[in-house]
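# Observations on chain architecture
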Amino acid sequence: AQSVTQPDIHITVSEGASLELRCNYSYGATPYLFWYVQSPGQGLQLLLKYFSGDTLVQGIKGFEAEFKRSQSSFNLRKPSVHWSDAAEYFCAVGIVSGGYNKLIFGAGTRLAVHP
Amino acid sequence: DAGVTQSPTHLIKTRGQQVTLRCSPISGHKSVSWYQQVLGQGPQFIFQYYEKEERGRGNFPDRFSARQFPNYSSELNVNALLLGDSALYLCASSGGTGTGELFFGEGSRLTVL
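Okay, so let's go over this structure. Counting starts from 1 at the beginning of each chain's written sequence and moves along it residue by residue. Each chain takes a letter, starting from A, and each ligand takes a number, starting from 1, following the order in which they are written. With pLDDT at 70 or above as the cut-off, local features in this predicted model cover only qualifying residues; side-chain atom pairs require 80 or more to be listed or tallied, and sums for whole chains, interfaces and linings still use all residues. Heavy atoms throughout the structure, all of them, feed into the side-chain values; hydrogens and water do not.

This next bit is on the overall build of chain A. On a plain count of helices and strands, chain A comes out with zero helices and twelve strands. In chain A, the succession of helices and strands from N to C terminus is β-β-β-β-β-β-β-β-β-β-β-β. Its C-alpha atoms give chain A a radius of gyration of 14 Å, near enough to 13 Å, the size a compact globule of 115 residues would have. Expressed as a percentage of the 115 residues in chain A, the buried residues total 45%. What counts as a helix is a DSSP run of H or I of at least four residues, what counts as a strand is a run of E of at least two, and both are numbered from the N terminus. Both definitions apply: the radius of gyration is a C-alpha atom measure, and the globule rule equals 2.2 Å times residues to the power 0.38. Buried residues are those whose accessible area, probed at 1.4 Å on protein chains only, stays under 20% of the maximum for their type, while exposed residues exceed 50% and partly exposed ones sit between those limits.

Structure (structure tokens):
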């Protein structure tokens, strides 16, 4: 069965520090992978996506993610965190099957940023 | 350009009642998907509609139903509400049913008392 695991429920970093959020997926075929961010009371905003090609993908707000097929991972990184990055981050795998598509999300990682 | 719009933003119902949530997709998008996000969890897929037809359904009971109108807007209906139906209901639109990006609205927060 397809699934997404985000091992870290909460992460706290200092402003200016680097960040890595972990994501592991389970999917038998070539995965379509996404990272979304959700601020309190808001919907989901797409940070970046991987469909094929270069395994290091760049996104908005200075985020990047690296697809590692051998590790079934798609970790999100940012070299220097800003206070406005405090939010919840969701990794998702996209499934295209039977004439429809859906996203399977992880449980999320809540990021807190200390000044 | 307007993004995905959902209404109402917040609502409170009691157990056993019925609720209807509404979604307008981005102009030109023909596919609408619904997701349920329970507090502390990631969103879960409920339905996808494309060209007014149900194309996919997640693991939700028959109390959940939806439809899509000729203008591609959509309604999600939940009957016989349970306390466990309390959640943020997210609508997403896309151009089709392939690998394209889903654009999410800000959601309708339902509280069942």
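Still more ground to cover, so stick around.
What follows deals with the environment of Trp 83 of chain A. Residue and element names in this part refer to chain A. With respect to the helices and strands, Trp 83 occurs in the loop between strand S9 (73-78) and strand S10 (87-97). Here the alpha-carbon distance between Trp 83 and Gly 16, two residues 67 residues apart in the chain, equals 8.6 Å. Contact between two residues is taken to exist if any of their heavy atoms lie within 4.5 Å; hydrogens are not considered. Ignoring sequence-local partners within four residues, the contact set of Trp 83 consists of Glu 15 and Val 113. Reaching out from Trp 83, the side chain makes a polar contact with the side chain of His 82 at a distance of 3.3 Å. Pairs of N or O atoms are called polar contacts if they sit within 3.5 Å, as long as, within protein, a hydrogen donor faces a hydrogen acceptor (for residues adjacent in sequence, only side-chain-to-side-chain pairs).

Moving on, we come to the side chain of Ser 73 of chain B. Of note, Ser 73 of chain B is situated in the loop between strand S7 (64-68) and strand S8 (74-78). Once residues within four sequence positions are removed from consideration, Ser 73 of chain B is found in contact with Cys 23, Ser 24, Pro 25, Arg 67 and Gln 68 of chain B.

We now examine the pattern of salt bridges. Put simply, a salt bridge is a Lys or Arg side-chain nitrogen that is within 4 Å of an Asp or Glu carboxyl oxygen. All told, the structure shown has twelve salt bridges over all chains when counted by the stated rule. Put simply, Glu 101 of chain B and Lys 49 of chain A hold a salt bridge, and the shortest N to O gap is 3.8 Å. In this pair, Glu 101 of chain B sits in the loop between strand S9 (87-94) and strand S10 (103-104) while Lys 49 of chain A sits in strand S6 (residues 45-50), so the two residues belong to two different chains. Between Glu 75 of chain B and Arg 22 of chain B there is a salt bridge, with its nearest N and O atoms 3.4 Å apart. Pair noted here: Glu 75 of chain B is in strand S8 and Arg 22 of chain B is in strand S3 (residues 19-24), with a separation of 53 residues, a long-range link. For Glu 75 of chain B, a relative accessible area of 12% corresponds to the buried category.

Quick look at the interface of chain A and chain B now. The partner chain B presents 22 residues to the 22 residues of chain A that form the contact. Buried area: the accessible area, evaluated with a 1.4 Å probe, that two parts lose upon being put together, summed over both parts. Between chain A and chain B the total buried area reaches about 1,800 Å² when both faces are included, carbon and sulfur atoms providing 53% of it. Counting the surface chain A buries against chain B, the share from its top three residues, Leu 44, Tyr 100 and Asn 101 of chain A, is 29%. Our count for the contact surface shared by chain A and chain B stands at one salt bridge. For the pair chain A and chain B, the interface holds four residue pairs in polar contact (both at pLDDT 80 or more). Every element with two or more residues in the side of chain A that touches chain B is listed here: strand S5 (32-38), S6, S10 and strand S11 (100-105) of chain A. Considering each element in turn, the side of chain A that touches chain B owes the most residues, five residues, to S11 of chain A. Partitioned by chemical class, the residues of the side of chain A that touches chain B number twelve nonpolar, eight polar and two charged. When residues are sorted by character, Ala, Val, Leu, Ile, Met, Phe, Trp, Tyr, Cys and Pro go into the nonpolar class, Asp, Glu, Lys and Arg into the charged class, and all the rest, Gly among them, into the polar class.

Attention now moves to the pairing of strand S12 (residues 109-114) of chain A. Residue and element names in this part refer to chain A. Here S12 shows a clear split, with Thr 109, Leu 111 and Val 113 buried on one side and none of Arg 110, Ala 112 and His 114 buried on the other. Only strands joined by at least two bridges in the DSSP assignment are considered to pair. Pairing of strand S2 (residues 10-14) with S12, which is carried by five bridges, proceeds in the parallel orientation. Its bridge partner being in S12, Ile 11 is matched across the sheet by Leu 111. In this sheet, S12 lies alongside S10 in antiparallel orientation, the contact comprising three bridges.

Distances and angles like these do not, on their own, reveal function.
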